[in-house]
Amino acid sequence: MEDGENSGTAFERTYNKLVCQEDVDEHHLHSNQEKRQVSMSMVRPEYGLNQYRRLAISLAVLAVLLLAVDIGLGVYYNKLANGQHSLTDINNEVVKLQVSYNNAIRRRDEAKKELTDMISQQQRTKWELQHLLGRVQDYKKQTDKIQNEIAILKSHIPMIKDGCRHCLPGWTFMNSLCYFFASSDTLSRRGWEQARQHCKRFGADLVVIDSREKQLAITDLINNYKDPSRPMSASGFWIGLRDVVDEGIWRWLDGTRLNGGFWNIGEPNDQGNEDCAAVYPRDNPFQGWNDAPCNHGLKWICEMTPRSTPS
Ligand code: BGC
Ligand code: CA
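Residues numbered from 1 in each chain as written. Chains lettered and ligands numbered in written order. Predicted model: local features only at pLDDT ≥ 70, side-chain atom pairs only at ≥ 80, totals over all residues. Heavy atoms only, no water.

**Q** Looking at this model, I keep getting lost on the coordination of the calcium ion (ligand 2). Mind explaining?
**A** A four-donor tetrahedral metal ideally has 109.5 degree angles, and a six-donor octahedral metal ideally has angles of 90 or 180 degrees. Within the protein, the atoms that donate to the calcium ion (ligand 2) are Glu267 (OE), Asn269 (OD1), Glu274 (OE), Asp291 (O) and Asp291 (OD), at distances of 2.0 to 2.5 Å. Written as a sequence motif, the donor residues of the calcium ion (ligand 2) are E-x1-N-x4-E-x16-D. Judged by relative accessible area, which is 17%, glutamate 267 ranks as buried. (Donors = N, O, S within 2.8 Å, 3.2 Å for Na, K, Ca; no water. Buried < 20%, exposed > 50% of the residue type's maximum accessible area, 1.4 Å probe, protein only.)

**Q** Where do I start with the state of the cysteines in this structure?
**A** Throughout this description, disulfide means a covalent bond between two cysteine sulfur atoms. This model, assessed by the stated rule, comprises three disulfides. Here cysteine 167 connects covalently by a disulfide to cysteine 178, the sulfurs 2.0 Å from one another. Here the disulfide of cysteine 167 and cysteine 178 is left-handed, its torsion about the S-S bond being about -85°. Placement of cysteine 167 in the loop between β1 (165-166) and β2 (172-174) and of cysteine 178 in strand β3 (residues 177-181) is noted, with a sequence separation of 11 residues between them. When sorted by exposure, cysteine 167 lands in the same class as cysteine 178, which is buried. Bridging cysteine 276 to cysteine 294, the disulfide has an S-S length of 1.9 Å. Between cysteine 276 and cysteine 294 the sulfur-sulfur dihedral comes to about 100°; the bridge is accordingly right-handed. Separated by 18 residues along the polypeptide, cysteine 276 in strand β7 (residues 276-279) and cysteine 294 in the loop between β8 (289-292) and β9 (299-304) bring together distant segments of the chain. Each bonded cysteine of the protein chain is numbered by sequence order, and under that numbering the disulfide pairs are 1-2, 3-6, 4-5. (Disulfide = S-S within 2.5 Å. Helix = DSSP H or I, 4+ residues; strand = E, 2+ residues; numbered from the N terminus.)

Structure, rendered in structure tokens:
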């Protein structure tokens, strides 16, 4: 008990000392009375509890702050992680876009190549078409030639029906008539009258070219005999046409007046008295005739109907 009293007294003394010291430290501006009041209030046991409460509150506040910081850091980390995800997504997207771009470039190059191939194929088709058009022209010419030959062959039919008629050896059967082309070198060129005499020896006469078909057929034949080294003026063949009676009035051997004809451009021009007509080997069969001096030395063409075989 005494110990308790002693200890209580010692406690009070120590406590008062502390209180006085606190008064000096914290409230040196207060009056002594206020010091006493404060000292008395702090002497109360609740004072220690308040201190703990403050400490606890401070700790709680600190904990809350730490929690807030932690949450903040968590949020920040999440954002960073999300950012990282976004970056990864963007990277993936970039890779995908790169792949798409590369594919598009590849497809473009393929399409370009395809287009180039198609253009070259189109060019080839164009050339082939031109070639075929040329071939069509060739076929057309061949068809005309064949039709001409058919017409010639058909013209043989009446002769066959009438019995076996024929042309003399060395003569050409054409359009139902026999022709002699004095193209051989053994027959020298001569004037119109002498040429006619040669024909008459065979019962023939100089050719009368009174149709388009005859002119075409004769031109084809004399073009085959054409000697390119010979001047055109010496390459003609006398025909049975003259204007010797009436100048400018051209007549066939039987007196029939010429109707049209196949004169060369500028012909007949009667250059130095040209009263006899000749056919020349020319590419254009419709411009095949010239008038020439009758004594001019030329080849000639005889014509006669086929003869029956002598029995
Ligand atoms: C003339 C022609 C003529 C021919 C007779 C040529 O030089 O130009 O008009 O018909 O000679 O051979
Ligand atoms: Ca002439």
